Amino acid sequence: MYACIDLGSNSFHLLIGEWDDDGRIRIVERLSRKVQLGEGVVASRMIAPAAFRRGLDCLADFRDLMRRHPVKQYWALGTNAFRVAQNSPEFLAAAAKMGIRISIISGMQEAVLIYAGVITSLPEAGERRLVIDIGGGSTELIAGHGHRRIITESLPAGTVSWRDRFFAEPESNAKKLEVRMEAGLEAAAGVFEPVKAAVARAGWDQAYASSGTVKMLKYICENRGYGKNRITLQALGELKPLLAAGIAENGPLPGLKPERRELLLPGWCVASALMRTFQIETLHFSATALREGMLDFLARNQKTLPIMRQSPLPAVNETG
């Protein structure tokens, strides 16, 4: 049995799974927590004390859940917030004292695993795929055909960093929020523009997107009658005033979870910029992403990958 811990800038995720007799991975446990480790990191280059504590508390819960299963190996990866924050080594040391050893991966490595995770849920088809993951601090973009990646990019635009940059101050005027949304969209488009030509040259038949941001937007689109498990560029454009009004007036937005509310408009900015820049009319939602890619890679490479943790988790009396 294997465990994978995905430490994102917005949420921490734990996935525990094992191989079935037919060669498929069976998911045993899933647990996700909104930690927002990346809160303020872009501006301060530091993990804030409150976020630091939230992160460690979440890891303690993950450790306790893993102890309830016969986990043979685990893999814990830190992403954008860890890459940016100057006090990441202190967090890694505190986590290690608890019994969780974390490796920080580059944006490119993150993108590779995201692509692997997304295609695990797709049929073995001949189509060319554009795979996107909108995270809290960065957006990963991969164009590929089957298991072969043609373009792999990690770009510095994410929902937590865009919230801190464009929506940090509350606003009760919907029109003013729409102005901020346009500013956020244009800024994100500027981040994505340098790879536009390369993506066009690679070509793709279907676009898939993962992450909590995409899930949030697709639920809202579904509730407004725009179709299942997808986001359309038309829907994002038409929903703009509705979303701005809902946030400004603190009104109901069917399909939106309360804990995701503050990331709705930054998520709209990044997703809209992506779809406009790369001329994506429809994004198909993928329920699998980085952690599924980690689990697949761990299970297939356990004998040769040195980063894998061979020893079991420490006993409770060893870590407190």
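Up top is the structure.
Computed from a predicted structure; not experimentally measured.

Caption draft 1: The arrangement of the pairing of strand S8 (residues 148–155) in detail. In this sheet, S8 lies alongside strand S7 (residues 139–145) in antiparallel orientation, the contact comprising seven bridges. Each residue of the ladder has a partner; that of Ile142, found in S8, is Thr152. Here S7 hands over to S8 after two residues, with Gly146 in that stretch at a positive phi of 65 degrees.

Caption draft 2: Examining the pattern of salt bridges more closely. Using the criterion set out here, one finds 19 salt bridges in the structure. Arg291 serves as the salt-bridge partner of Asp6, at 3.3 Å between the closest nitrogen and oxygen. With Asp6 in strand S1 (residues 2–7) and Arg291 in helix H12 (residues 290–300), this residue pair connects regions lying 285 residues apart in the sequence. The buried category is assigned to Asp6, whose relative accessible area is 7%. With a closest N to O distance of 3.3 Å, Arg53 and Asp57 form a salt bridge. Here Arg53 pairs with Asp57, and both are found in helix H2 (residues 49–66), just four residues apart, close to one helical turn. When its relative accessible area of 46% is taken as the criterion, Arg53 is described as partly exposed. For Asp57, a relative accessible area of 40% translates into the label partly exposed. One continuous salt-bridge network, built from bridges that share partners, spans Lys34, Glu39, Arg54, Arg163, Asp164 and Glu262.

Caption draft 3: Examining the pairing of S1 more closely. Counted residue by residue, S1 has six buried out of six residues, so it is predominantly covered. Residues Tyr2, Cys4 and Asp6 of S1 are buried on one face, and the alternating residues Ala3, Ile5 and Leu7, pointing to the opposite face, are buried as well. With six bridges connecting them, S1 and strand S2 (residues 11–19) associate as antiparallel partners. Note that in S2 the partner of Leu7 across the bridge is Phe12. Turn length for the S1-S2 hairpin, with the two strands adjacent in sequence and antiparallel, is three residues. Sheet topology note: the S1/strand S4 (residues 73–78) ladder contains six bridges and is parallel. Paired with Ile5 across the two strands is Ala76, which belongs to S4.

Calculation criteria
- Residues numbered from 1 in each chain as written.
- Predicted model: local features only at pLDDT ≥ 70, side-chain atom pairs only at ≥ 80, totals over all residues.
- Heavy atoms only, no water.
- Pairing = 2+ DSSP bridges.
- Helix = DSSP H or I, 4+ residues; strand = E, 2+ residues; numbered from the N terminus.
- Salt bridge = Lys/Arg side-chain N within 4 Å of Asp/Glu carboxyl O.
- Buried < 20%, exposed > 50% of the residue type's maximum accessible area, 1.4 Å probe, protein only.

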